[in-house]
Amino acid sequence: MFDHLPILPPDSILGLAAACRADTNPNKVDLTIGIYMDEAGLCPVFDAVKQAQRALVDEEITKAYIPPQGDQAFLDGMTDLILGADLLASRKGAVAAVQTPGGCGAVRLGAEVLKASGAGGKVWVSDPTWPVHIPLIGSVGLELTQYRYYDPGTHGVNFQGMVDDLTGAQKGDIVLFHGCCHNPSGADLNAEQWQVVAQMAAEQGFTPMIDLAYQGFGDGLEQDVFGLRALVDNTPEVVIAASCSKNMGLYRERTGLAIFVGQDARAAQATGSQATAAARRIYSMPPAHGAIIAGRILSDAKLRQEWQAELTAMCRRINSLRVDFGDRLQAATGRDFGFIAEEKGMFSFLGLSKEQALQLRSDKGLYMLDSSRINVASLNSSNLDKVVDAVVSVL
Ligand SMILES: Cc1ncc(COP(=O)(O)O)c(C=O)c1O
């Protein structure tokens, strides 16, 4: 049976990280994959996570399955963190939350429920978007289309293009937004633009779906959900896919949740039951470890404060790397790289051609995506000179 099975190429992002690992160039630098790296070039475990994990090891008395919808402390803590007390009060009883294997699991379960709801329209995704959105959403049989988003000329959001394209989104359509820290561009909407988009959703009747993978990596935990809350506030139905991979560093623990905000308690019951049924037919039960840790952190005032301080420090470090990197490129080339400091989260498009990105990879061992997306969080004081020199050499 497997004789004729085609061998697939590696994933476009994971494959590059593997190629970098195999590269024997002693000066190689990997700026590909979207994980936070510290000054030592390691993806650290949050101290708050270590503490919660230690307590869990001591206290855990069973490894029996957790309920299919997930760990309740985690679901409560995360819905509160994301939606906030006011929206939870105004949409009381109309919110369903289901724990998922990471943010990817949440995007997939969200798409499954939208498909089951009979969404006959298209799913609009930003151009560009995180490439994994396409198979995650497309594989449930929903049709995808793009709206203009990033303008390489200004290194910012092409808001007029976005609005013009989304004017075509109708009732029955779904529009996927990145809640903050747009991947791959780092270019986010400002508060005023979010309000415009929320108004469009209200008037045109399309359903917002929000991928929230980087809450806390932009301007702060509250500020990063401004747009999400504006959308929830203005529309009757919203799907949210959230992840704790980045903001709690729980990448490998596969910790996320899908939130469905509907119009009433019946809608909450329907979406919740559809999501758990979809999970049952795909992977059955949610993983417990990461969610229990996250739930403990969110429900313990001291741990929560420590976690927030660690997250803030990471965010500040990325922002200072953005300034440093942009300044140094600008000083070396005389070109304007101020956009790097303006962007949010881990990513930035350097604005290089595919040929330049490939040349950097083969000649200098500097790995970035073909689109010249880099993970700013992978820069550190030991590799910054190398990276600046290499980029300048192809400009
Ligand atoms: C835009 C976006 N959405 C969702 C995710 C989901 O990540 P995970 O499934 O690891 O939680 C990521 C991770 O890189 C991402 O960049």
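Here is what the cut-offs are and how they apply
All residue numbers refer to position in the chain's written sequence, counted from 1. Totals for whole chains, interfaces and linings use all residues, but because this is a predicted model, local features are given only for residues with pLDDT of at least 70 and pairs of side-chain atoms are given and counted only at 80 or more. Domain start and stop positions are those given by an automatic or database domain assignment. By the convention adopted here, residues make contact when the C-beta atoms placed from their backbones lie within 7 Å. Secondary structure elements are defined from DSSP: runs of H or I of at least 4 residues count as helices, runs of E of at least 2 residues count as strands, and each element is numbered from the N terminus. Residues are grouped as follows: nonpolar covers Ala, Val, Leu, Ile, Met, Phe, Trp, Tyr, Cys and Pro; charged covers Asp, Glu, Lys and Arg; every other residue, Gly included, is treated as polar. Nonpolar core, as used here: buried Ala, Val, Leu, Ile, Met, Phe, Trp, Tyr and Cys residues forming one set through C-beta atoms within 7 Å. For every residue, the other C-beta atoms within 10 Å of its own C-beta are counted; 20 or more classify it as buried, 12 or fewer as exposed, and values in between as partly exposed. C-beta atoms are placed from the backbone. For two strands to be treated as a pair, DSSP must find at least two bridges joining them. Whether a crossover is right-handed depends on one test, that the path from the first strand over the helix to the second runs clockwise when the strands point away from the viewer. Near residues are defined by distance alone, with the backbone-placed C-beta atom required to lie within 6 Å of the molecule or strand.

J.: So, the domain arrangement of the protein chain: which residues are in play, and what are the values?
T.: It is common to give the size of an interface as the accessible area lost on bringing the parts into contact. Domains assigned within the protein chain are domain 1 (2-44 + 309-394) and domain 2 (65-299). The interface is formed by 19 residues belonging to domain 1 together with 21 residues belonging to domain 2. Elements with a contribution of two residues or more to the side of domain 1 that touches domain 2: α11 (301-333) and β11 (347-349). The element best represented in the side of domain 1 that touches domain 2 is β11, accounting for three residues. Tallied by class, the residues present in the side of domain 1 that touches domain 2 amount to ten nonpolar, six polar and three charged.

J.: Residue-level account of the nonpolar core, with values.
T.: Among the nonpolar cores identified, the biggest contains 116 residues, and I82, I240, A258 and I259 are the most heavily contacted of them. When residues in this core are grouped by element, the largest group, nine residues, is from α11. Two domains share this core, each providing at least three of its residues, namely domain 1 (2-44 + 309-394) and domain 2 (65-299). Apart from residues no more than four positions distant in its own chain, I240 is found in contact with I82, I210, L212, L228, A258 and I259.

J.: Report on the pairing of strand β4 (residues 143-148), specifying residues and quantitative values.
T.: With six bridges connecting them, strand β3 (residues 122-127) and β4 associate as parallel partners. What sits directly across from V123, in β4, is L144. With respect to chirality, the unit in which β3 leads through helix α5 (residues 133-138) into the neighbouring parallel β4 is right-handed.

J.: An account of the site of the ligand is requested, with residue identities and associated values reported.
T.: For the ligand, the set of nearby residues contains 13 residues, the closest of which are G102, G103, C104, S243 and S245. Considering every element that reaches the shell around the ligand, the biggest residue donor is helix α4 (residues 102-116), with three residues. The class makeup of the residues in the shell around the ligand is four nonpolar, eight polar and one charged.

J.: Could you give me a rundown of the environment of P68, with the residues and numbers involved?
T.: Turning to its location among the elements, P68 is positioned in the loop between α2 (47-59) and α3 (72-90). Counting along the chain gives 208 residues from P68 to T276, while the straight-line C-alpha distance between them is 6.3 Å.

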